[in-house]
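Secondary and tertiary structure notes
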Amino acid sequence: MEQDQVLILDFGSQYTQLIARRVRELNIYCEIHPFNHPPKELENFKAVILSGSPNSVRGTTVLHPDLSEIRGKKPLLAVCYGAQYLAHFSGGKVAPSNTREYGRANLSFIKSDEIFFQKISEGSQVWMSHSDTIKDLPTNGVLLASTKDVENAAYKIDGEDTFAIQFHPEVYHSKDGKQLLANFLVTIAKVAQTWTPDSFVESTVAAIKEKVGNDKVVLGLSGGVDSTVAAVLLHKAIGKNLYCIFVNNGLLRKNEFESVLTQYEGMGLNVKGVDASQRFLDKLAGISDPEGKRKAIGSTFIDVFDDEAHHIQDVKWLAQGTIYPDVIESVSVNGGPSATIKSHHNVGGLPDYMKLQIVEPLRMIFKDEVRRVGASMGIDPELLGRHPFPGPGLGIRILGDITAEKVRILQEVDAIFINGLKEDGLYDKVWQAGAMLLPVNSVGVMGDERTYEKVVALRAVESTDGMTADWVDLPYKFLQKTSNKIINQVKGVNRVVYDISSKPPATIEWE
């Protein structure tokens, strides 16, 4: 990729993705790599950032990066753990803090002719998150900033373009964090700000043409943002050699199969719709375990997709809408799989027997970047603004076993909730929303008669990429109206509750 690039070495920080997002917001291309598996060709990167970490440089499991080809040779910014690492192993001293330094702080001293030179002044709010502190600077260390409780909040190594900060510029609470990154990357490291949606489209289309040539590619469409943008990119590159398959697994939203096919008609894509809903329901019969359901849905999709792919003569490639968070979450700082919260269905491809090579045009960009790329290609804003929808569909929003009747109930409930959000102008203020059918019945009264029917939970969250999320404080009148509609119009439901859990500790989906 003919772009100036920035390397982020990950030490396992919960904020590492945020560093990458902030860098991308500066129209600069960056990549995250585990600290112990850096890319072999470092000459491609104009600057390096070391992330934070839950580990301590004083502990028994110190994370040791090989900086021999980086330090003193490339501009380097060390954040939190990175700053402590440089100090501890280069003649300085790191010790436990008397009190854990966590939360907001203000810079009380700044050496303004260094990394803080532009638009950052004393009193600027920063975010601390560490239990160790730097007592003594490393050899040739020069103090750049302090706070009330942290004397060595920032420093540089004299004679090098090496800078270290104890706070986190990537988080929202560091008010001038983005400016600090711009000072380092643009002014000090001279990184060009040429990473734009248009440049991504141009370089990606060229890369697909070179990789795929005149071969045929098959893509499983979901109707969502990622697979749609991937399809349009591929279509730009290979045209009629792209074959899209949209499978109805019986777990889509109400009328979604028909509406999505209609939506694709005007986009010039070669799309085939396959209704395999009964096949999926048969495979799911009697399965209640969440991972069991995910695996059953995944394996059935592979079988259906394989059947359809065989109808296309000489197809050689499988395209997927994999995006960067999927890739990052599948690799830990130790080079192995991260702690598994849920299976990522689109990382790793299909079984060997399908004999298809993988092409993933969105593999290196975030969700918000996918939407910007889609907008630059003229994709309908309504489609780009669609809420994320889980790959297993309503199958993981029906807690317990799945039946056609339960799917019907949840589809009706979901339609009332989502349409209500749109009618009241709330849909675009929510990142993701949906309803869950709970495996419990509750007693109710309708028309002077006792009922014993299902409970549904409504869920609406705000987020940027799904890594963290807060529940949305929907208006009481909206919730009241929606609850009344659901109970009065959906046979089988007599109680509605609203989920006010954030992620973490909860997840967005219930399964």
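Preceding block: the structure.
All figures in this text were calculated on a predicted structure; none of them were measured in a lab.

**Points about the packing of aromatic side chains**
- Per the counting criterion, the structure on display carries 12 aromatic pairs.
- Look at Tyr85 and Phe89: their rings are 4.9 Å apart centre to centre, the planes differ by 45 degrees, and that puts the pair in the tilted class.
- The class of Phe89 is partly exposed, set by a relative accessible area of 39%.
- Here the aromatic rings of Phe163 and Phe184 are separated by 6.2 Å at their centres, their planes lie at 75 degrees, and the arrangement is edge-to-face. Here Phe163, found in strand β9 (residues 162-165), pairs with Phe184, found in helix α3 (residues 177-188); they are 21 residues apart in sequence, far enough to count as distant.
- Through pairs of rings, three or more aromatic residues link up here, namely Phe11, Phe35, Tyr81, Tyr85 and Phe89.
- The ring of Phe366 is capped by Arg21, whose NZ or CZ atom sits 5.7 Å from the centre of that ring.
- We note Lys422 situated over the ring of Tyr427; from NZ or CZ to the ring centre the distance is 5.0 Å.

**Observations concerning the layout of surface pockets**
- Computed from the structure, the second largest pocket encloses a volume of approximately 550 Å³.
- Elements supplying a minimum of two residues to the lining of the second largest pocket: α6 (256-265), α11 (381-384) and α12 (404-423).
- Sort the elements by how many residues they give to the lining of the second largest pocket and α12 lands first, with 6 residues.
- Tallied by class, the residues present in the lining of the second largest pocket amount to 5 nonpolar, 6 polar and 8 charged.

**Observations concerning the pattern of salt bridges**
- With the rule as written, the count across this model stands at 25 salt bridges.
- Across the pair Arg372 and Asp368 runs a salt bridge, and its minimum N-O distance is 3.6 Å. Residue Arg372 and its partner Asp368 are both found in helix α10 (residues 367-376); the two are separated by 4 residues, about one turn of the helix.
- Across the pair Glu405 and Arg408 runs a salt bridge, and its minimum N-O distance is 2.8 Å. Taken together, the residues span about one helical turn, with Glu405 and Arg408 both in helix α12 at a distance of 3 residues.
- Using a relative accessible area of 45% as the deciding quantity, one classes Glu405 as partly exposed.
- Among the ionic contacts, a cluster of salt bridges with common partners joins Arg21, Asp368 and Arg372.

**A few points about the nonpolar core**
- Core analysis: the largest hydrophobic core is formed by 45 residues, its most contacted members being Val218, Val413, Phe417, Leu421, Leu474 and Ile486.
- When sequence neighbours within four positions are dropped, the list of residues in contact with Val218 reads Tyr243, Ile245, Phe305, Ile312, Val315, Trp317, Leu318, Ala319 and Leu356.
- Counting 42 residues, the second largest nonpolar core, distinct from the first, contains Ile8, Phe163, Leu180 and Ile328.

**Concerning the packing of helix α7 (residues 277-284) against helix α8 (residues 290-309)**
- Interaxial distance between α7 and α8 falls to 10 Å at its minimum, and their mutual angle equals 145 degrees. As α7 packs across α8, the resulting crossing turns out to be right-handed. Here α7 contributes Arg279, Phe280, Lys283 and Leu284 to the contact with α8, which in turn contributes Lys293, Ala296, Ile297, Ser299, Thr300, Phe301, Asp303, Val304 and Asp307.
- Classifying every residue of the contact of α7 with α8 gives 6 nonpolar, 2 polar and 5 charged.

**Observations regarding unusual backbone geometry**
- At the junction of Lys503 and Pro504, the peptide bond is cis and its omega measures out at -15 degrees in the coordinates.
- Here Pro504 is to be found in the segment after β18 (493-498).
- Following Pro504, the chain continues to Pro505 via a peptide bond in cis, the omega torsion being 10 degrees.
- Structurally, the position occupied by Pro505 is in the segment after β18.
- Even without glycine at this site, Lys190 takes up a positive phi of about 60 degrees.
- Of note, Lys190 is situated in the loop between α3 and α4 (197-212).
- For Lys190, a relative accessible area of 55% gives the class exposed.
- Positive phi values are uncommon outside glycine, yet Asp314 reaches one of about 65 degrees.
- Here Asp314 lies in the loop between α8 and β13 (315-319).
- Relative accessible area serves as the criterion here: at 60%, Asp314 is assigned to the exposed category.

**With respect to empty space enclosed by the protein**
- Here the structure, examined in full by the defined rule, presents 2 cavities of 30 Å³ or more.
- Along the walls of the largest cavity sit Leu107, Ile120, Ser124, Val126, Phe167, Ser174, Asp176, Gly177 and Leu180, which together make up its complete lining.
- Partitioned by chemical class, the residues of the lining of the largest cavity number 5 nonpolar, 3 polar and 1 charged.
- Computed from the structure, the second largest cavity encloses a volume of approximately 30 Å³.

**So, the sheet that holds strand β10 (residues 216-221)**
- With parallel pairing, the 5 strands of this open sheet are ordered in space as β12-β11-β10-β13-β14. Only two strands of the sheet have a single neighbouring strand rather than two, namely β12 (271-275) and β14 (357-359). Between one strand and the next, the sheet's axes are offset by a mean angle of 30 degrees, whatever the strand orientation.
- Pairing analysis gives 4 bridges linking β10 to β13, with the strands arranged parallel. Note on β13: the bridge partner recorded for Leu219 is Ala319.
- The sheet contacts of α6 involve β10, β11 (242-248) and β12, and relative to β12 the element is tilted by about 170 degrees.

**Observations concerning the environment of Ile8**
- With respect to the helices and strands, Ile8 occurs in strand β1 (residues 5-10).
- According to the relative accessible area criterion, Ile8 is buried, its value standing at 0%.
- With 244 residues separating them along the chain, Ile8 and Leu252 place their C-alpha atoms 38 Å apart.

**Side note on the pairing of strand β8 (residues 154-157)**
- Taking every second residue as pointing to the same face, both faces of β8 are buried, with Ala154 and Lys156 on one and Tyr155 and Ile157 on the other.
- In terms of strand pairing, strand β7 (residues 141-147) meets β8 through 4 bridges, oriented antiparallel. Bridge pairing in β8 places Gly141 opposite Ile157.
- Here β7 folds back onto β8 in antiparallel fashion, the turn holding 6 residues.
- Bridge analysis of β8 against β9 gives 4 bridges, and the strand direction is antiparallel. Counterpart to Ala154 in the pairing with β9 is Ile165.
- Taken together, β8 and the strand that follows it, β9, pair antiparallel across an intervening segment of 4 residues, in which Gly159 is found at a positive phi of about 90 degrees.

The rules behind the values
Residues numbered from 1 in each chain as written. Predicted model: local features only at pLDDT ≥ 70, side-chain atom pairs only at ≥ 80, totals over all residues. Heavy atoms only, no water. Phe/Tyr/Trp six-rings, centres within 6.5 Å; stacked < 30°, edge-to-face > 60°. Buried < 20%, exposed > 50% of the residue type's maximum accessible area, 1.4 Å probe, protein only. Helix = DSSP H or I, 4+ residues; strand = E, 2+ residues; numbered from the N terminus. Lys NZ or Arg CZ within 6 Å of the ring centre and 35° of its normal. 1 Å grid on protein atoms, 1.4 Å probe; cavity = no way out; pocket = protein on both sides within 12 Å on 5 of 7 lines; lining within 4 Å. Points joined across faces, edges and corners; volume = space filled by probe spheres on them. Nonpolar A, V, L, I, M, F, W, Y, C, P; charged D, E, K, R; others polar. Salt bridge = Lys/Arg side-chain N within 4 Å of Asp/Glu carboxyl O. Core = buried A, V, L, I, M, F, W, Y, C linked by side-chain atoms within 4.5 Å. Contact = heavy atoms within 4.5 Å. Axes fitted to C-alpha atoms, helices over the stretch in contact; angles between N-to-C directions. Left-handed = near helix turned anticlockwise from the far one by under 90°. Pairing = 2+ DSSP bridges.

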